[in-house]
Amino acid sequence: MQSFTRIRKQMQNKRGSISLKILAILIFCFLELALITAYTNPSQGYEISIYHSVPLLVWFSIICCIIYGVSLIFFSLYIKRELFGVPTYLGLLNLSFAYIFVLAMPCIRSYYMWNINGDTGVHLGLIKVVLETYHLSNIHYPILHILTAIIDSCSNLGLQPLHLFLPLFFELLFIPSMYLFVREVLKRPEEVIIATIAS
C-alpha cells in the first residue's frame, strides 16, 4: 500500500511539473509574440508616452510574464519547499526576460533617442565634451562617460546607438550584482531569492 501511495505521489509530481513547463512555454510564446508585435510597430516619430504608443498586447504579455514568474518562485519556495527546483529557475527566467524586454523597448521600437531633454541629454553632452576636449570637467560619476567615449572612439558607432545599448548592458549587470549583494546581507536562501526578484 505504501508503494502505491509513493508511486501515485511521484506521478502527481511529474504531472504538475509537466503542466508548469507547458505553461512556461506558453508564457514564453506569448512574450515572443509581444516582442514581434513591438518590433513590427516601430515608432513613427516623436512619441509623448511609450505606454500609449506600444500595443496593449505587449504590456499585457509583460505583466502576465511577471505575474507568472513571481507565482512560480513563490510556489517553488513555499508550497513545494524546493529552493532551486525547476519552478524557481523558470520563474527567474520569466522575470529576467520581462526585465530585459522592458529595458530594450527603445531599441526594439527603433527609437532614435529617448529622454533627450532630461538626464540622457545631459550625459550625451558630457560625453561630447570628453570626446572633444579629452578632459573631465565636474562630472560626478565619470566612468560611464569615459567608457562611452572610449567605445565610440574605438568602434566609430556613434553616440546614438551607444546611448541606447549601454544602459541596457549596465542594467543587465544589475541583476547578478544585486543577487551577490543580497546573498552577503541575508542568510536564508529564500530571502535572497525574494530580495533579488523584488529589486
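Our subject in this report is the structure included herewith. Numbering of residues starts from 1 in each chain and follows the order in which that chain's sequence is written. Restriction of local features to residues with pLDDT of at least 70 applies here, the model being predicted, together with a cutoff of 80 or more for giving and counting side-chain atom pairs; totals for whole chains, interfaces and linings are based on all residues. Computation of side-chain values covers all heavy atoms of the structure but excludes hydrogens and water.

1. Section: the layout of surface pockets
- Of the pockets and cavities examined, the second largest pocket occupies roughly 460 Å³.
- The secondary structure listing takes helices from DSSP runs of H or I that are at least 4 residues long and strands from runs of E that are at least 2 residues long, numbered from the N terminus. Those elements that place two or more of their residues in the lining of the second largest pocket are helix H3 (56–79), helix H4 (86–103), helix H8 (159–185) and helix H9 (189–198).
- Per element, the largest residue contribution to the lining of the second largest pocket is 6 residues, and it comes from H4. Think of a 1 Å grid over the protein atoms and nothing else: a 1.4 Å probe that fits but is trapped marks a cavity, an open set flanked by protein within 12 Å on at least five of seven lines marks a pocket, and residues with an atom within 4 Å of a point count as lining. Grid points are joined across faces, edges and corners, and a volume is the space filled by probe spheres set on the points.

2. Considerations on the packing of H3 against H9
- For helices, the fitted line uses only the C-alpha atoms of the stretch in contact; every axis is such a line through C-alpha atoms, and the angle between N-to-C directions lies from 0 to 180 degrees. Viewed as axis vectors pointing N to C, H3 and H9 meet at an angle of 170°, and their least axial separation amounts to 11 Å. By the angle class used here, H3 and H9 are roughly antiparallel. Judged by residue contacts, Val70, Ile73, Phe74, Leu77 and Tyr78 of H3 engage Glu190, Ile193, Ile194 and Ile197 from H9.
- For the contact of H3 with H9, the residue count by class is 8 nonpolar, no polar and 1 charged. Just so you know how the angles are binned, under 35 degrees is roughly parallel, over 145 roughly antiparallel, 65 to 115 roughly perpendicular, and the rest oblique. Contact between two residues is taken to exist if any of their heavy atoms lie within 4.5 Å; hydrogens are not considered. In this classification, the charged set is Asp, Glu, Lys and Arg, the nonpolar set is Ala, Val, Leu, Ile, Met, Phe, Trp, Tyr, Cys and Pro, and all remaining amino acids, among them Gly, are polar.

3. Section: the nonpolar core
- Only buried residues count toward a nonpolar core. Its members are Ala, Val, Leu, Ile, Met, Phe, Trp, Tyr and Cys residues joined through side-chain atoms within 4.5 Å. For every residue, the accessible area obtained with a 1.4 Å probe (protein chains only) is divided by the maximum for its type, and the residue is called buried under 20%, exposed over 50%, and partly exposed between those limits. Ranked by internal contacts, the top residues of the largest apolar core, which has 20 residues, are Ala38, Val58, Ile62, Tyr68, Phe101 and Met105.
- Going through the elements one at a time, helix H1 (2–40), H3, H4 and helix H5 (105–108) are the ones with two or more residues in this core.
- Excluding its chain neighbours within four sequence positions, the residues that come into contact with methionine 105 are Ala38, Ile50, Val54, Val58, Trp59 and Ile62.

4. Some remarks on unusual backbone geometry
- Of note, the phi angle at asparagine 156 is positive, near 60°, even though the residue is not glycine.
- Mapped onto the elements, asparagine 156 comes out in the loop between helix H7 (143–155) and H8.

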